[in-house]
Structures are given as C-alpha cells and as structure tokens.
Amino acid sequence: MKENLITHTLLAVCFISASAQETTKLDPMFNQLRTVIHSGFMTTRGNYGLGRTVTQTQVPIAFNDFCTKEVCGEGESFQTAVSEATAIKGNEESNRRNHEIRDRLLGIIRHGLDSVTALPGVEESYHFESHHQGIDTIRYSICLHSGQGQKKHYNDQQGYFYEDVPGAETVSFNYTTKLKSCGRHFSGWGSLAYSRTENVPGGQSVAFDWEQYMQTLLPMLTQKGITQRTFKWAQDRFYGDADKDYALGFTIYQDDGTRSVAGETTGTIYFIPAERLDFAQQVLKEIDFATQQYIYNHPQQTYQYDYGAHFQPIATEREGRHVQLLRTMNLQEGWHQHYIFVCSDVRGYYFLLCDTRGALWVPRESLMLKSFINGKKTYHKGM
C-alpha cells in the first residue's frame, strides 16, 4: 500500500509564503521564478524529533512537447475536434510557448545559482552541463555551509549531493531531457532543491503543544460567515479498495517492524461558501502567518509545516483536493498526531482540523461525511 496516495499531486497546489523570519541567499532567484511558475513550489519546515529544524524548498521543472498522430504517428491532437492542419498548428504554438517558458526558467536558475556560487564564503560548488542533439543534462550542487560530520555522495542521476546535518545549507538543481519515441519531440524533468538544517535551542525536541497553538487559531476559524461540523473516521483495516475509498493516508510502523493502517481520527470542518473566495483566502493567509509565528517561537516542538497553501476554485470535481498545512507529532503517546488540511470543492472552502491516534486515512468523501468507520458511511444531513 502506498504511504501517501497523492504526495505528488500536492506539489501542484503549494506555494512559498514569504516570512519576515525566513530569508536565504536564494530569495532573489525564487522571487523571479514565482513570476513564471504560478504553482509548483513547496517549502517545508519541520522538527522531526532530532533536536533540530530542517527547512526545504523544492521546485519541480517539467517540460513536455505535444505530439500529434498526424505528424508523429502517435500521441493525441491538441484539438481533437478540428481539422488536421489546425490541430498541428495548435501543437506547434503550444510547444513554442512551452520552450519559451522552459528557456526562461533555465536562464533564471542558471543565473541565480551562478550568482550564489560566486558569493564569498561558499564552501563548494559543482556544475556540469551537456547538450547534444537536443538532449540536455544540467547539474548543480552547491554547499553554502557544511554541517557537523557532513558527507558528500555522488550518483549518475543527481551528481553530488550532501547529507542534511546540523549546520548544513545546500542547494542543488538537476535537469535532463530525453527524445520521445516519435524521434521529433522532447520531454524534460528537473528539480531545484534548497535545504538548511539548524540545531534548536537546547538541542532537544518536545511534543507539539496543540492546545496552546489552537488558542491562536480558533478566533480566526470562528468568525462570522464560517460554519462548522464535526466528523469521525476510523479503520482497523481497509474495507474495499483503498485507492478508491481514501483520498490520502499514512501508515505507521508497529513495534515489530510491520506497518499498520489502524487508527481513529476525530475533528472539525470549518466551511466558507464558494461565493466568498476572497474571505477564504484572507482567513487562510491569517492562519498561515499565525502558524509561522508559532513554529518560529517554538522551534523545539515536533511538527511539519508546508508553507502557504492557496485555495483554488473547483467547478466540476465532486471530491475535495486535500492540501496538508501542518502535521504535529507526539510519538511518545502512541502515535498521537494532529493535522490541518485545506480543501476546496464546488460548494466552497474548508479547513479540516484532525486529531489522530494511530494511522490517518482520509476518506475521499470526507467533506460530506459525518462518519466513516470500518467502511460504513454516514453523511451530514443534506449531503
């Protein structure tokens, strides 16, 4: 069973949220990239129980030429209901725009990383490029600061990469293209990654204080115009097909080394109607800012925070798109964790606050369910 059924789709709806406390040498480059890429950023900061915090920013760079059956003998037309000539022209125009965007992104990244490499104090940098008959390979590995006992590794896919240890600050970029089977078009994939690891004061980690944190959030979630309802999800095993019944989930390790899906989650959904998008975005912005303030003031508490989720209106989907904001950990009490998700569907915008003991598995119809216990569903009235 997959540990997280929609990990990769979450990337497409996460953004970097600037914080007064969070500045890096890469900020100018990231700010430029945000003018070109309006989705795809993911910045995570967390204390995972080792007495230190880790901040990571990842930016996927994807590129794919459109093929047509008329020209290449494979692929689908850009517009299936128009003439062959129009379809070919549509693909050519789309590919031209994609190439322009890709070249602009690569230009920003190259300039940004070259500028960082030239800064005094940078300890080590590695840069390799190969371009042959349209096949590109670009690799950067930069160690801004080495950490305590840091080790460097190498493989053919990434080039050099560095371990995340206290004191380490690194950045890498890997991009490759390949010729598609038609022999005329290309696809490419790359990832820009920044990581910084810091010791927390005292060098110890403690359980997240959910009650204290909630005191800052509840005034925002109980404003006029926000309704709420409670829910309960529980499972001792999977009932039916997990891929169809659950939107996402996490298994947990047992003492004997096996994985378990058993767990119980109770919580509250806070709801804002679809016609109040601006209000929903404002509430989300307030929660984002308050959470950043809290985790920076309490870095010793165990948590994972994904910066700056952004509501996106959904016109046709029945199910909600769940985006994780916060995951807290209190592993000393038998996998007692809390989660905050934000979601949207045709009805509106949701904040899900989850109190989980054991494994968390979110039902696909979670936004409409009063309970989902061992496969038995109970819907909220009118839903």
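The rules behind these values
Residues numbered from 1 in each chain as written. Predicted model: local features only at pLDDT ≥ 70, side-chain atom pairs only at ≥ 80, totals over all residues. Heavy atoms only, no water. Helix = DSSP H or I, 4+ residues; strand = E, 2+ residues; numbered from the N terminus. Buried < 20%, exposed > 50% of the residue type's maximum accessible area, 1.4 Å probe, protein only. Contact = heavy atoms within 4.5 Å. Areas by Shrake-Rupley, 256 points an atom, 1.4 Å probe, with all protein chains shown as cover. Disulfide = S-S within 2.5 Å. Salt bridge = Lys/Arg side-chain N within 4 Å of Asp/Glu carboxyl O. Arc of directions from axis to C-beta. Pairing = 2+ DSSP bridges. Core = buried A, V, L, I, M, F, W, Y, C linked by side-chain atoms within 4.5 Å. pLDDT = per-residue confidence, 0-100. Phe/Tyr/Trp six-rings, centres within 6.5 Å; stacked < 30°, edge-to-face > 60°. Lys NZ or Arg CZ within 6 Å of the ring centre and 35° of its normal. Axes fitted to C-alpha atoms, helices over the stretch in contact; angles between N-to-C directions. Parallel < 35°, antiparallel > 145°, perpendicular 65-115°, else oblique. Left-handed = near helix turned anticlockwise from the far one by under 90°. Nonpolar A, V, L, I, M, F, W, Y, C, P; charged D, E, K, R; others polar.

Caption draft 1: Examining the overall build of the protein chain more closely. Scanning the protein chain for helices and strands turns up seven helices and 20 strands. Relative to its 383 residues, the protein chain shows a buried fraction of 50%. When contacts within the protein chain are restricted to residue pairs at least 6 apart in sequence, long-range pairs at least 24 apart make up 66% of them. Approximately 18800 Å² of the protein chain is accessible, and the part contributed by carbon and sulfur atoms is 50%.

Caption draft 2: Geometry of the state of the cysteines. Taken as a whole and assessed by the stated rule, the structure comprises zero disulfides. Its sulfur unpaired, Cys67 is 3.7 Å from the next cysteine sulfur, which belongs to Cys182.

Caption draft 3: View of the pattern of salt bridges. With the rule as written, the count across this model stands at 12 salt bridges. For Glu100, the salt bridge identified is with Arg96, shortest N-O distance 2.5 Å. Here Glu100 and its partner Arg96 are both found in helix 4 (residues 84-117), four residues apart, which amounts to about one turn of the helix. Relative accessible area serves as the criterion here: at 45%, Glu100 is assigned to the partly exposed category. In this structure, Asp345 and Arg347 form a salt bridge, with 2.5 Å as the shortest nitrogen-oxygen distance. Since its relative accessible area comes to 30%, Arg347 is described here as partly exposed. Connected through shared salt-bridge partners, Glu93, Arg96, Arg97 and Glu100 make up one network.

Caption draft 4: Inspection of unusual backbone geometry at higher detail. Although it is not a glycine, Asn374 sits at a positive phi angle of roughly 50°. With relative accessibility at 30%, the residue Asn374 sits in the partly exposed group.

Caption draft 5: Up close: the environment of Val59. On the secondary structure map, Val59 appears in strand 2 (residues 52-64). By relative accessible area, Val59 is classed as buried at 0%. As for Val59 and Phe41, which are separated by 18 residues in sequence, their C-alpha atoms are 4.9 Å apart. Ignoring any residue separated from it by four or fewer positions in sequence, one finds Val59 in contact with Phe30, Ile37, Gly40, Phe41, Gly190, Ser191 and Leu192.

Caption draft 6: Broad picture of helix 2 (residues 27-34). Within helix 2 the residues assigned to the buried category are Met29, Phe30 and Leu33. All buried residues of helix 2 fall inside an arc of 95° around its axis, so they share one side.

Caption draft 7: Fine view of the pairing of strand 9 (residues 227-235). The sheet contact formed by strand 9 and strand 13 (residues 263-273) spans nine bridges and is antiparallel. Residue pairing across strands places Thr227 opposite Phe271, the latter belonging to strand 13. Strand direction decides the pairing type here: strand 9 and strand 19 (residues 369-373), joined by three bridges, are parallel. Paired with Trp233 across the two strands is Phe372, which belongs to strand 19.

Caption draft 8: Structural context of the nonpolar core. Among the nonpolar cores identified, the biggest contains 32 residues, and Tyr213, Leu326 and Phe351 are the most heavily contacted of them. Taken together, the elements giving at least two residues each to this core come down to helix 5 (210-221), strand 13, helix 7 (277-297), strand 14 (303-306), strand 15 (323-330), strand 16 (336-344) and strand 17 (348-358). With nine residues, helix 7 is the single largest residue contributor to this core. Excluding its chain neighbours within four sequence positions, the residues that come into contact with Phe351 are Leu221, Thr268, Ile269, Tyr270, Ile272, Ala280, Val283, Leu284, Ile287, Phe311, Phe341 and Val342.

Caption draft 9: Representation of the confidence of the model for the protein chain in the model. Summarising the model, the protein chain shows a mean pLDDT of 83, and 86% of its residues fall at 70 or more. Considering only residues more than four positions removed or in separate chains, one finds that residues 1-21, a stretch of pLDDT under 50, has 58 contacts. Note on residues 76-87: pLDDT is under 50 here. Beyond four places in sequence and across chains, it has 16 contacts.

Caption draft 10: Layout of the packing of aromatic side chains. With the rule as written, the count across this model stands at 19 aromatic pairs. With a centroid separation of 5.9 Å and 10° between ring planes, the pair formed by Tyr339 and Phe341 is classed as stacked. As far as burial versus exposure is concerned, Tyr339 and Phe341 are alike and both buried. Directly above the ring of Tyr160 sits Lys152, whose terminal nitrogen or CZ lies 4.6 Å from the centroid. When the ring centre of Phe250 is taken as origin, the NZ or CZ atom of Arg327, which lies over that ring, is 4.6 Å away.

Caption draft 11: Quick look at the packing of helix 5 against helix 7. Axis separation between helix 5 and helix 7 bottoms out at 10 Å; the angle between their running directions is 165°. It follows from the interaxial angle that helix 5 and helix 7 lie roughly antiparallel. Here the hand of the crossing between helix 5 and helix 7 comes out right-handed. In contact with Gln212, Tyr213, Leu217, Met220 and Leu221 of helix 5, helix 7 contributes Val283, Glu286, Ile287, Ala290, Thr291 and Tyr294. Within the contact of helix 5 with helix 7, the residues separate by chemical class into eight nonpolar, two polar and one charged.

Caption draft 12: Structural view of the pairing of strand 5 (residues 152-155). Of the strand pairs in this sheet, strand 5 and strand 6 (residues 159-162) are connected by four bridges, and their pairing is antiparallel. Along strand 6, the bridge assignment pairs Asn155 with Gly159. The turn linking strand 5 back onto strand 6 is made up of three residues.

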